[in-house]
Amino acid sequence: MNDVKKETYKDPVKKVYACCPFCSATLLQAECVINGVTKCEQCHQRVRIEIENGIVHVAPYSSPPNKK
Ligand SMILES: [Zn+2]
């Protein structure tokens with residue numbers, strides 16, 4: 001186990017917005033770190049969202065080519 005000292009950011013809470021890379025619709029608004037996949041309500045594409053320290057990364061989420 002690493003006993004790494006975590007830096008606490010005392011900045012005021014920043015709200016970030018994640019936008020759909022396909023249609024630019026706003027997908028969500030968040031205040032903290034989120035890693036997940038959401039579905040755009042507008043174009044119904046799945047989008048992967050990662051929010052880290054106020055920086056938003058969005059990328060098209062392609063599911064692995066597994067057939068059910
Ligand atoms: Zn979209």
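Residues numbered from 1 in each chain as written. Predicted model: local features only at pLDDT ≥ 70, side-chain atom pairs only at ≥ 80, totals over all residues.

Caption draft 1: Here's a closer look at the pairing of strand β4 (residues 46-52). Burial along β4 is one-sided: the residues V47, I49 and I51 are buried and none of R46, R48, E50 and E52 is. Counting the residues between successive antiparallel strands, the hairpin from strand β3 (residues 34-39) to β4 contains six residues, one of them, H44, with a positive phi of roughly 60 degrees. Across six bridges, β4 lies against strand β5 (residues 55-60) in antiparallel orientation. When the sheet's bridge partners are listed, I51 is paired in β5 with V56. Linking β4 to β5, which pair antiparallel, is a turn of two residues; within it N53 sits at a positive phi near 50 degrees. (Buried ≥ 20, exposed ≤ 12 C-beta atoms within 10 Å, placed from the backbone. Helix = DSSP H or I, 4+ residues; strand = E, 2+ residues; numbered from the N terminus. Pairing = 2+ DSSP bridges.)

Caption draft 2: Main features of the nonpolar core. In terms of nonpolar packing, the biggest core is built from six residues, these being A18, C20, L27, V47, I49 and I51. Here this core gets three residues from one element, more than from any other, and that element is β4. Apart from the residues lying within four places of it in its own chain, the contact partners of A18 are L27, L28, I49, I51, V56 and V58. (Core = buried A, V, L, I, M, F, W, Y, C linked by C-beta atoms within 7 Å. Contact = placed C-beta atoms within 7 Å.)

Caption draft 3: Examining the environment of S63 more closely. Inspection of the secondary structure puts S63 in the segment after β5. What makes S63 exposed here is the crowd of 7 C-beta atoms within 10 Å. Each C-alpha atom of the pair S63 and R46 lies 8.7 Å from the other, and the pair is 17 residues apart in sequence.

Caption draft 4: Examining the sheet that holds β5 more closely. The three strands are arranged β3-β4-β5 in an open sheet whose pairing can be described as antiparallel. Edge positions in the sheet fall to β3 and β5, since each of these pairs with one other strand and no more. On average, each strand axis in the sheet is inclined to that of its neighbour by 20 degrees, with strand direction left out of account. (Axes fitted to C-alpha atoms, helices over the stretch in contact; angles between N-to-C directions.)

Caption draft 5: Local environment of unusual backbone geometry. Despite not being glycine, S24 has its phi angle at roughly 70 degrees, a positive value. If you trace the backbone, S24 turns up in the loop between β1 (16-19) and β2 (26-30). When the 11 C-beta atoms within 10 Å are taken as the criterion, S24 is described as exposed. The backbone of H44 shows a phi angle near 60 degrees, a positive value even though the residue is not glycine. Checked against the element boundaries, H44 lands in the loop between β3 and β4. Here H44 falls in the exposed class, since 9 other C-beta atoms lie within 10 Å of it.

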